[in-house]
Amino acid sequence: MLHRLERELFHRELEFLKTLKGKATNEHSRFSAALEEEITHLEQVLEETEMQVLD
């Protein structure tokens, strides 16, 4: 279970990583895979804990 603050921090990190990935160029392609992996992980955590938020 996540606290509301932890969930909000994960959501903000997810948005930041998506923005960063969108700005990555071919020169940065080796980082794109790592970004995509972290984005996928955060999306899964947020999805799995959607109904289990503590105040």
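Scroll up a little and you will see the structure.
Since the structure is predicted, the reported quantities are computational estimates derived from the model, not experimental observations.

A. Quick look at the pattern of salt bridges. What the rule picks out here adds up to three salt bridges. Here Lys 18 makes a salt bridge to Glu 43, at a shortest N to O gap of 3.4 Å. Here Lys 18, found in helix H1 (residues 4-23), pairs with Glu 43, found in helix H2 (residues 29-48); they are 25 residues apart in sequence, far enough to count as distant. Look at Glu 43 and you get partly exposed, because its relative accessible area is 34%.

B. Region of interest: H2. Between its first and last C-alpha, H2 extends 29 Å over 20 residues, near the 28 Å set by a 1.5 Å rise per residue. Listed in full, the buried residues belonging to H2 are Leu 35, Ile 39, Leu 42, Val 45 and Leu 46. The buried residues of H2 all sit within an arc of 125° when viewed along its axis, so they share a single face. Projecting away from the buried face of H2 at angles above 90 degrees are the exposed residues Arg 30, Ala 33, Glu 37, Glu 47 and Glu 48.

C. Structural context of the packing of H1 against H2. Two elements in contact, H1 and H2, have axes whose closest approach is 10 Å; the angle formed by their N-to-C orientations is 150°. Overall, the two elements H1 and H2 adopt an arrangement that is roughly antiparallel. For the pair H1 and H2, the sense of crossing is left-handed. Between H1 and H2, the contacting residues are Arg 7, Phe 10, His 11, Glu 13, Leu 14, Leu 17, Lys 18, Leu 20 and Lys 21 on the first element and Ser 32, Leu 35, Glu 36, Glu 38, Ile 39, Leu 42, Glu 43, Val 45 and Leu 46 on the second. Among the residues making up the contact of H1 with H2, the classes are represented as nine nonpolar, two polar and seven charged.

D. How the structure looks around the nonpolar core. In terms of nonpolar packing, the biggest core is built from six residues, these being Leu 14, Leu 17, Leu 35, Ile 39, Leu 42 and Leu 46. When contributions to this core are tallied by element, the ones reaching two or more residues are H1 and H2. Setting aside residues no more than four positions away along its own chain, Leu 14 makes contact with Ile 39, Leu 42, Glu 43 and Leu 46.

Calculation rules
Residues numbered from 1 in each chain as written. Predicted model: local features only at pLDDT ≥ 70, side-chain atom pairs only at ≥ 80, totals over all residues. Heavy atoms only, no water. Salt bridge = Lys/Arg side-chain N within 4 Å of Asp/Glu carboxyl O. Helix = DSSP H or I, 4+ residues; strand = E, 2+ residues; numbered from the N terminus. Buried < 20%, exposed > 50% of the residue type's maximum accessible area, 1.4 Å probe, protein only. Expected span 1.5 Å × (residues − 1). Arc of directions from axis to C-beta. Axes fitted to C-alpha atoms, helices over the stretch in contact; angles between N-to-C directions. Parallel < 35°, antiparallel > 145°, perpendicular 65-115°, else oblique. Left-handed = near helix turned anticlockwise from the far one by under 90°. Contact = heavy atoms within 4.5 Å. Nonpolar A, V, L, I, M, F, W, Y, C, P; charged D, E, K, R; others polar. Core = buried A, V, L, I, M, F, W, Y, C linked by side-chain atoms within 4.5 Å.

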